[in-house]
Amino acid sequence: MAERQRDALQFPEFERDFLEPHLPPKYRADDETRRTFTTLTFATSLDSSLALLPGTQTLLSGPQSKAMTHYLRSRHQAILVGVGTAIADDPSLNCRIEGVGGYGGEGLEGQPRPVVLDPTLRWDFSSDSKVLALAAYGKGRAPYIICAKHPPDQKRVLLEHLGGKFITLNISDTGPSKGKLDWADILQALRDHGIQSVMIEGGGTVINDLLQPHYAALIGSVIVTIAPTWLGQSGVIVSPPRRWSADGTPIPAARLKDVKWHPFGEDVVLCGKLQ
Ligand SMILES: NC(=O)C1=CN([C@@H]2O[C@H](COP(=O)(O)OP(=O)(O)OC[C@H]3O[C@@H](n4cnc5c(N)ncnc54)[C@H](O)[C@@H]3O)[C@@H](O)[C@H]2O)C=CC1
Ligand SMILES: Nc1nc(O)c(N)c(N[C@@H]2O[C@H](COP(=O)(O)O)[C@@H](O)[C@H]2O)n1
C-alpha cells in the first residue's frame, strides 16, 4: 500500500459528483475513433483577470479550489499551457492529489502529460525548470512541446531523455487561424500521440483565442474558478474579441449554457458548455 504523502492535496469524494458531468469520458486505450475531449479551465478575479501583471504569476485559487484543479488534472491525460505561462510561472503542471502517482499512488498513474504551446521556441527550459525536475523525480511527466520550427538538438535530447518530446506542426496559411497554429490541428496532433483528454489552463492569449466562436465546437467543458478579489487594471485579462451581427450591432463574444455553480471555500466554481 502506497504511503500517505505529506505534500499531497486532499479533495473530498463528496465534492467530486458536482464535476462528474463536466469531465471527459473514461479513457479507453483501444478507442481510436474518439476525438480529444477538451476542457478549458482557469482561475479569474471578479474583473476577469488571470494575473496582476503580464509576465507574473498571481495566486487566485484558495486551498479548496486549488485541490479541485488538481483533481481535474488527475482526470485528464494532458494539461496544456501557452509559452507565456511557461515562462512567467515556471509551473509544475503535475497532479498533487493524494493517491495519484508520485503522491502516494503507484508509478505515474493519474499524472497528466504537460503540453506547452511554443510555436517559435521561446521557452528556454533546462533540467532545473520545475516541470522537468519533477519528471526526473518521478512526480510528474516530462512535457510535450508543440512548435512550428526545428528544435535545437540539445533541448530535444534533454526532453527525450525524460520522456518528453517536441511535436512540430505547420502554421496555418488560411482561415481564422492564419499565421498561427489551428486548434483543430493541435488537438489532432495530441490525439495522434495517444492523448484523448486535455485540460487547457491558459494563459490569457490561449483562452481568448479559444473563446472565439469558430473554436466552440472543439471545447467540451468550461470550468472557471472565480476568486472574490479585483486585481485592478493592466492585468492579464480574459476578454475575447467582440462579435458583430450582420446589421453591425455588437453581440456578446461568447456565452455558456447548461451552467452549474458550486462554492469551494471562498471561491465559486462555474461549469458549463460554450453555446
Ligand atoms: N489564473 C489562471 O488560472 C492562469 C493564469 N495564467 C497567467 O497568464 C499569463 C500568461 O498569459 P499570456 O502572456 O497571454 O501567455 P499564454 O500562456 O497564453 O501564451 C501565449 C503564447 O502562446 C502561443 N499561442 C497561443 N495561441 C496560439 C496559437 N493559436 N497558435 C500558435 N501559438 C499560440 C503564442 O506563442 C503566444 O505568444 C501569466 O501571467 C500566467 O500567470 C496562466 C494560466 C492560468
Ligand atoms: N487554478 C489556478 N489557480 C490559480 O490561482 C492560478 N494562478 C493558476 N494558474 C495555473 O496553474 C499553473 C501553476 O500550476 P502549478 O501549481 O505550478 O502546477 C500555472 O502555470 C497556470 O496554468 N491556476
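Identification of the protein as Riboflavin biosynthesis protein Rib7 from Cenococcum geophilum 1.58 is taken from an unreviewed UniProt entry.

Trainee: What's the story with the overall build of the protein in this structure? I'm lost.
Mentor: Check the secondary structure of the protein and you find seven helices and 13 strands. A globule of 275 residues ought to have a C-alpha radius of gyration of about 19 Å, and the protein, at 18 Å, matches this closely. In terms of overall dimensions, the protein has a C-alpha envelope of 65 × 45 × 40 Å along the principal axes. Out of the 275 residues in the protein, the part that is buried amounts to 39%. Contacts in the protein between residues at least 24 apart in sequence constitute 71% of all its contacts with a sequence separation of at least 6.

Trainee: Explain the site of ligand 1 to me, please; I cannot follow it from the model alone.
Mentor: Around ligand 1, the surrounding shell holds 28 residues, and the nearest of these are Ala 51, Gly 82, Gly 84, Gly 202 and Gly 203. Mapped by element, the contributors of at least two residues to the shell around ligand 1 are strand S1 (37-44), strand S2 (49-51), strand S3 (78-82), helix H3 (83-89), strand S7 (197-202) and helix H7 (204-210). At five residues, H3 tops the list of elements feeding residues into the shell around ligand 1. Of the residues assigned to the shell around ligand 1, the class counts are 14 nonpolar, 10 polar and four charged.

Trainee: Whenever I open this one, the sheet that holds S3 confuses me. Can you help?
Mentor: Two modes of strand pairing occur in sheets, parallel and antiparallel, and in both the strands are linked by backbone hydrogen bonds. Spatially, S6-S5-S4-S3-S7-S1-S8-S13-S12 is the arrangement adopted by the nine strands of the open sheet, whose pairing is mixed. Either end of the sheet is taken by a strand with one partner, and the two such strands are strand S6 (165-168) and strand S12 (256-264). Across the sheet, the axes of successive neighbouring strands diverge by a mean angle of 20°, strand direction being ignored. Here S1 pairs with S7 via four bridges, running parallel. From the neighbouring strand, Thr 38 faces S7, where its bridge partner is Val 198.

Trainee: Please explain the site of ligand 2 as it appears in this structure.
Mentor: Neighbouring residues of ligand 2: 16 residues in total, closest Ala 43, Leu 60, Ser 61, Pro 91 and Ser 92. If you list the elements that add at least two residues to the shell around ligand 2, you get H3 and S7. Across the shell around ligand 2, the residue classes break down as six nonpolar, eight polar and two charged.

Trainee: What is the right way to look at the environment of Lys 139 in this model?
Mentor: Tracing the backbone through its elements, the reader meets Lys 139 in the loop between helix H4 (130-136) and strand S5 (144-147). Once the C-alpha coordinates of Lys 139 and Cys 95 are considered, the two residues, 44 residues apart in sequence, prove to be 8.3 Å apart. Every residue in contact with Lys 139, bar those within four places of it in the chain, is listed here: Asn 94, Gly 102 and Leu 134.

Trainee: Teacher, can you tell me more about unusual backbone geometry here?
Mentor: Negative phi values dominate among residues other than glycine, just as trans dominates among peptide bonds. A cis geometry characterises the amide bond from Gly 202 onward to Gly 203, with omega recorded as 0°. Within the secondary structure layout, Gly 203 lies in the loop between S7 and H7. Phi at Ser 48 takes a positive value of approximately 60°, unusual for a residue other than glycine. Residue placement: Ser 48 occurs in the loop between S1 and S2. Even without being a glycine, Leu 121 presents a positive backbone phi close to 55°.

Trainee: Would you explain the pairing of S1 in this entry?
Mentor: Every regular strand shows the same layout, with side chains that alternate between the two sheet faces. Counting buried positions along S1 gives eight out of eight residues, so the element sits mostly inside the fold. By the alternation rule, side chains of S1 split into Phe 37, Thr 39, Thr 41 and Ala 43 and Thr 38, Leu 40, Phe 42 and Thr 44, which are all buried. Direction of pairing for S1 relative to strand S8 (residues 221-226): parallel, over a ladder of six bridges. Looking across to S8, one finds that Ala 43 is bridged to Thr 225.

Trainee: Any chance you could explain helix H6 (residues 183-192) here in plain terms?
Mentor: Think of an α-helix as 3.6 residues a turn; residues three or four steps apart then line up on the same face. Buried within H6 are the following residues: Trp 183, Ile 186, Leu 187 and Leu 190. With its buried residues spanning 90° around the axis, H6 presents them on a single face. Where H6 is buried, its residues touch S1, S3, strand S4 (113-117), S5, S7 and H7. Following H6 by one or two positions, Gly 194 adopts a phi angle in the positive range, close to 85°.

Trainee: So what exactly am I meant to see when it comes to the pairing of S5 here?
Mentor: Going residue by residue along S5, you find Tyr 144 and Ile 146 tucked away on one face and Ile 145 and Cys 147 tucked away on the opposite face as well. Bridge count for S4 against S5 is three bridges, and the pairing is parallel. Paired with Val 115 across the two strands is Tyr 144, which belongs to S5. Running through H4, the crossover from S4 to the neighbouring parallel element S5 is right-handed. In the sheet, S5 pairs with S6 via four bridges, with the strands oriented parallel.

Definitions and limits used
- Residues numbered from 1 in each chain as written.
- Chains lettered and ligands numbered in written order.
- Predicted model: local features only at pLDDT ≥ 70, side-chain atom pairs only at ≥ 80, totals over all residues.
- Helix = DSSP H or I, 4+ residues; strand = E, 2+ residues; numbered from the N terminus.
- Rg over C-alpha atoms; globule rule 2.2 N^0.38 Å.
- Buried ≥ 20, exposed ≤ 12 C-beta atoms within 10 Å, placed from the backbone.
- Contact = placed C-beta atoms within 7 Å.
- Near = placed C-beta within 6 Å.
- Nonpolar A, V, L, I, M, F, W, Y, C, P; charged D, E, K, R; others polar.
- Pairing = 2+ DSSP bridges.
- Axes fitted to C-alpha atoms, helices over the stretch in contact; angles between N-to-C directions.
- Arc of directions from axis to C-beta.
- Right-handed = clockwise from strand over helix to strand, strands pointing away.

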